[in-house]
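Structural features, examined
This is what each chain is made of:
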Amino acid sequence: MERGWEAAAAVRRCRGGGEREPRRGPPAGRDGGGEPRPSLPGPIAARRTRKRSGGGGGGGGARTLLPEARAALGLVLYLLALRALVQLSLQRLLLLRSSGPREFSALRAREYLEHITSIGPRTTGSPENEILTVNYLLEQIKLIEIESSRNHKISVDVQRPTGSFSIDFLGGFTSYYDNITNIVVKLEPRNGAKHAVLSNCHFDSVANSPGASDDAVSCSVMLEVLRVLSTSSDPLQHAVIFLFNGAEENVLQASHGFITQHHWANLIRAFINLEAAGVGGKELVFQTGPENPWLVQAYVLTAKHPFASVVAQEVFQSGIIPSDTDFRIYRDFGNIPGIDLAFIENGYIYHTKYDTPDRILTDSIQRAGDNILAVLKYLATSDKLASSFEYRHGNMVFFDVLGLFVVAYPARVGTIINLMVVIAAIFYLGKKFLQPKHKAANYMRDLFGGLGITIISWLTSLVTVLMLAVFISLTGQSLSWYNHFYVSVCLYGTAAVAKIIFVHTLAKKFYYVNTSEQYLGEIFFDVSLLVHCSSLILFTYQGLCSAFIIAIWVAFPLLTKLVVHKEFKQNGASGRYIMIYFLGMFIPYLYSMYLIWAVFEMFTPILGRSGSEIPPDVVLASILAGCSMILSSYFINFIYLAKSTKKTMLSLASVCAITFLLVCSGAFFPYSSDPANPKPKRVFLQHTTRTFHDLDGKVVKRDSGIWVNGFDYTGISHITPHIPEINETIRAQCEESAPLCGFPWYLPVHFLIRRNWYLPAPEISPKNPTRFRLVSREETPWDSARLTFEVTGPSHMSFYVRAHEGSTVIRWSLGDGTPVTSKGGDYFVFYSHGLQASAWQFWIEVQASAEHPDGMVTVAIAAHYMSGEDKRSPQLEVLKKKFPDWIFPSGWVCTYDLFVF
């Protein structure tokens, strides 16, 4: 009777009867007990491409299919509710409260912040940095010392170190610094201390930026923490050293000078570094260690408002994010473990004129102060600090739960947990492999068939969004989502999801003909479980602490499956089943959306300054496709449990198509000058005079112009309509014989920015001209030549070296003595000095295999005038005023001199 009804339903479907009707039991030729089914009419048999066995998925009750509209709406509302929870947790800052004299006061810290930023941009070597800011900090430290408790002693030292080191940041280069400034404050018990914990900030800023978040706010927080600790009657066991360093933006120079040269550096057993990659919000712990899990535990136990993730640590340390902090210096040159914190929200205005104190909420300052004060106080009274090197017991898995608390455990425990989860998943899947032979064979065939279909859906989804991204990049509409982030979701996110649904809909219609939807729901749940389980094994094998996320994506869905198994078997995709299923998926989906927010919060602004060679739409489209794959994984089975997916695909395709047309028409402008939420385009302008000399010292070429570098993929396409003279006819040409194409690169980022422009302009004549000379040339007994140079000039200079064919730079007096090449093979040396620095002398040793009539080596020196009167030129100021207000033009004057030896 039941089988006759099903056959009749199949005939009606074959004759165009519209939507499929619900089917009962295993439909593929045999029921759960293996009884043959009566033959279907010829036309139906002809349509059947393959038969499917229920494989144990059968049951007694009627099977109900999900109404498409209800299923799609429920899923959308579920994801939106999770997104709302994530947003609520991220915005949950603090309500200001009155602070006692022994509590951290954000209002007092804000006063420090306002005074520091009122000085203006504070580049290393400028009077603003070396005199005004230093004097203000020393005055405040003196006032704090007067108020300090008798239980404590405060010592202050102004250090002006000189040194050199090599680093592999941005492809590798060498740094040299001379007479830069550090203010070091040691707070210790009255009878002294043998060990110390370090707290680090930097008070210098990049050129043309007030540097409120990066990093004046951190120095303000440290001043207030110093005040609270020094006035407290609670005794300290160890010293707390506060380092206010004056040359971090010069690629971490001041921290290197302190940790390698200061006489207090050998006391330090741990550190906290305060940084910024955005403006305000919560401060994220994004690096810890190396190893030393007790440091993470210190943060877990004491931080009042935790925000931490080992995922951020592994992403940052992978090198994907083009940035670095003083953490690297203390770790690599001091061999000291520490904690790295940074504000990450609103990175659009990081390093711009908009980085002002009014954009940093007082609540954010209070959060940071409460956390840092608590952690420093704990470390300064911890028995473990004195013997910190004995507690290097591997890495830690750590993550906060919506900012409420932090979960942390040793990585080895994480490995055990991961393996237990894998074993549970294998046991669940293994039971199905151990069914009677014919059922097990059918199940394995369907499982791996479903896996293939899922992989195909993901690959075609990725290819689709990449094709869209490439097309949009080629049409000049890149970054259309920069000022309107949800444009990217409507364009690439909908395309990715629609393609995944489309592939599975085709599989359901043509590959799984006459197969029970309930059985397919089981299969594709198991496919998702298998994928995540395989990923968990891979991540665990690679030793990645972030494997805990995948463990969550295996454990909770598996538990949910066990809970709803009976309900699903009896009633199919009933309302009760859906509710329990959604609840069971709550934790993995909520935490994943929490992390996805952090990814976009960090990466979206970075894509606006990632250079001219990386199409940002391709990167963002790939990330959105990956997020779509992850978030759809345990909902793929809904495609097979739903009556239809036509309306859903049509809706997604319509949204994608409309957004695509709007983007291509230029409806979404990438940038914004909105005072409340600016998202500017960054442009660097360097008024440069270049002089090229030959082997005899004669000038063979001399030119002058304003060198224009757009720091994003759109180049000058949006600039030309406003400033017609900046157009493609003035595209800068690479000087092939000169290192780094013969331009005055401030940092070795030439491989990221290959499209730049050179607008002719009058020559410049700085009042403090650069003087470069060859002091001596010595022939060594091992057939090499040592060239000694002397340079005087402004506080920022870059030195470039290119060895000619057949020649090699084998040694130099910089770094550790071993020459380090930048990406591309040329040598790059970054130099800076404070006030009253002596002439810079150094040597390079070049070995040639034969005589070279055109010389052995080409060198060049670029002088960057980033402060004072020499920083400006009339032509530069006029050009800057022509830029629309949605552009942040950062400009200075340069000279460039090239020589052959």
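What counts as what
- Residues numbered from 1 in each chain as written.
- Predicted model: local features only at pLDDT ≥ 70, side-chain atom pairs only at ≥ 80, totals over all residues.
- Heavy atoms only, no water.
- UniProt positions renumbered as here; feature names shortened; annotations may be inferred.
- Helix = DSSP H or I, 4+ residues; strand = E, 2+ residues; numbered from the N terminus.
- Buried < 20%, exposed > 50% of the residue type's maximum accessible area, 1.4 Å probe, protein only.
- Pairing = 2+ DSSP bridges.
- Salt bridge = Lys/Arg side-chain N within 4 Å of Asp/Glu carboxyl O.
- Core = buried A, V, L, I, M, F, W, Y, C linked by side-chain atoms within 4.5 Å.
- Contact = heavy atoms within 4.5 Å.
- Phe/Tyr/Trp six-rings, centres within 6.5 Å; stacked < 30°, edge-to-face > 60°.
- Lys NZ or Arg CZ within 6 Å of the ring centre and 35° of its normal.
- Domains from an automatic or database assignment.
- Buried area = accessible area lost by both parts, 1.4 Å probe.
- Polar contact = N/O pair within 3.5 Å; in protein donor to acceptor, adjacent residues only side chain to side chain.
- Nonpolar A, V, L, I, M, F, W, Y, C, P; charged D, E, K, R; others polar.
- Axes fitted to C-alpha atoms, helices over the stretch in contact; angles between N-to-C directions.

1. Comments concerning the UniProt feature "transmembrane region" (unreviewed entry) in the protein
In the numbering used here, UniProt assigns the feature "transmembrane region" (unreviewed entry) to residues 416-434, 446-472, 484-507, 519-541, 547-564, 576-600, 620-642 and 649-671. With 100% helix and 0% strand, the stretch residues 547-564 has end C-alpha atoms that lie 26 Å from each other. Helix makes up 83% of residues 620-642 and strand 0%, whereas the separation of the span's terminal C-alpha atoms amounts to 31 Å.

2. Here's the deal with the pairing of strand β22 (residues 887-900)
Within β22, 14 of the 14 residues are buried, which leaves it mostly tucked inside the rest of the structure. Neither face of β22 is left uncovered, since the one carrying Ile-887, Pro-889, Gly-891, Val-893, Thr-895, Asp-897 and Phe-899 and the one carrying Phe-888, Ser-890, Trp-892, Cys-894, Tyr-896, Leu-898 and Val-900 both have all their residues buried. For strand β21 (residues 857-865) and β22, the ladder comprises eight bridges, and the chain directions are antiparallel. Counted as the bridge partner of Ile-861 is Asp-897 from β22.

3. As for the UniProt feature "domain: Peptidase M28" (unreviewed entry) in the protein
Look at the UniProt record and you will see "domain: Peptidase M28" (unreviewed entry) annotated at residues 182-375. Segment residues 182-375 splits into 35% helix and 23% strand. End C-alpha atoms: 23 Å apart.

4. Considering the pattern of salt bridges
In total, this model carries 30 salt bridges according to the counting rule given. The shortest N-O distance in the salt bridge between Arg-576 and Glu-567 comes to 3.2 Å.

5. Structural notes on the nonpolar core
The biggest cluster of nonpolar side chains holds 194 residues, and the ones touching the most others in it are Phe-242, Phe-244, Tyr-492, Phe-548 and Ile-726. For this core, the element with the highest residue contribution is helix α18 (residues 586-607), accounting for 14 residues. In this structure Tyr-492 touches Val-465, Leu-468, Ala-469, Ile-472, Trp-481, Asp-617, Ala-621 and Leu-624, once residues within four positions along its chain are discounted. Counting 54 residues, the second-largest nonpolar core is a separate cluster that includes Ile-167, Leu-267, Leu-740 and Trp-745.

6. Some remarks on the pairing of strand β11 (residues 405-410)
Bridge count between strand β10 (residues 396-401) and β11: six bridges; the pairing is antiparallel. Counterpart to Phe-399 in the pairing with β11 is Val-407. Between β10 and β11, which pair antiparallel in sequence order, lie three residues; one of them, Leu-402, sits at a positive phi of approximately 55 degrees.

7. Details of the packing of aromatic side chains
Following the criterion strictly, the structure yields 63 aromatic pairs and no others. Ring geometry for Phe-525 and Tyr-634: centres 5.4 Å apart, planes at 45 degrees, overall tilted. Here Tyr-634 lies in the loop between α19 (616-632) and α20 (636-641) and Phe-525 lies in helix α15 (residues 517-541), a separation of 109 residues in the sequence. Exposure remark for Tyr-634: the relative accessible area of 0% places this residue in the buried category. The structure contains a cluster of three or more aromatic residues connected by ring pairs, namely Tyr-78, Phe-525, Trp-553, Phe-568, Tyr-577, Tyr-581, Phe-582, Tyr-589, Tyr-634, Phe-635 and Phe-638. Its end group placed over the ring of Phe-525, Lys-561 keeps NZ or CZ at 5.2 Å from the ring centre. The ring of Phe-692 carries Lys-701 above its face, with NZ or CZ at 5.4 Å from the centroid.

8. Quick look at unusual backbone geometry
Put simply, Asp-214 and Asp-215 share a cis peptide bond, and its omega is 15 degrees. Looking at the element boundaries, Asp-215 is found in helix α6 (residues 212-231). A cis amide bond, omega 10 degrees, links Gly-289 with the succeeding residue Pro-290. Take Pro-290: it is sitting in the loop between β8 (283-289) and α8 (293-302).

9. Thoughts on the domain arrangement of the protein
On domain assignment, one finds that the protein holds domain 1 (81-86 + 424-665), domain 2 (106-394) and domain 3 (681-900). One C-alpha centre belongs to domain 1, the other to domain 3, and the line joining them spans 48 Å. Between domain 1 and domain 3, the residue contacts involve twelve residues of the former and ten residues of the latter. Taking both partners together, domain 1 and domain 3 bury about 1100 Å²; carbon and sulfur atoms supply 57% of that area. Interface area lost by domain 1 to domain 3 is led by Arg-609, Ser-612 and Glu-613, which between them contribute 44%. Along the contact surface separating domain 1 from domain 3 lie zero salt bridges. Linking domain 1 to domain 3 there are six residue pairs in polar contact (both at pLDDT 80 or more). The class makeup of the residues in the side of domain 1 that touches domain 3 is four nonpolar, six polar and two charged.

10. Comments concerning the sheet that holds strand β15 (residues 771-779)
With antiparallel pairing, the four strands of this open sheet are ordered in space as β15-β16-β20-β18. Edge positions in the sheet fall to β15 and β18 (807-812), since each of these pairs with one other strand and no more. Recorded for the sheet is a direction-independent mean angle of 30 degrees between the axes of neighbouring strands. Both β15 and strand β16 (residues 784-792) contribute to a ladder of eight bridges, which runs antiparallel. Across the sheet, residue Glu-779 finds its bridge partner in β16, namely Ala-785.

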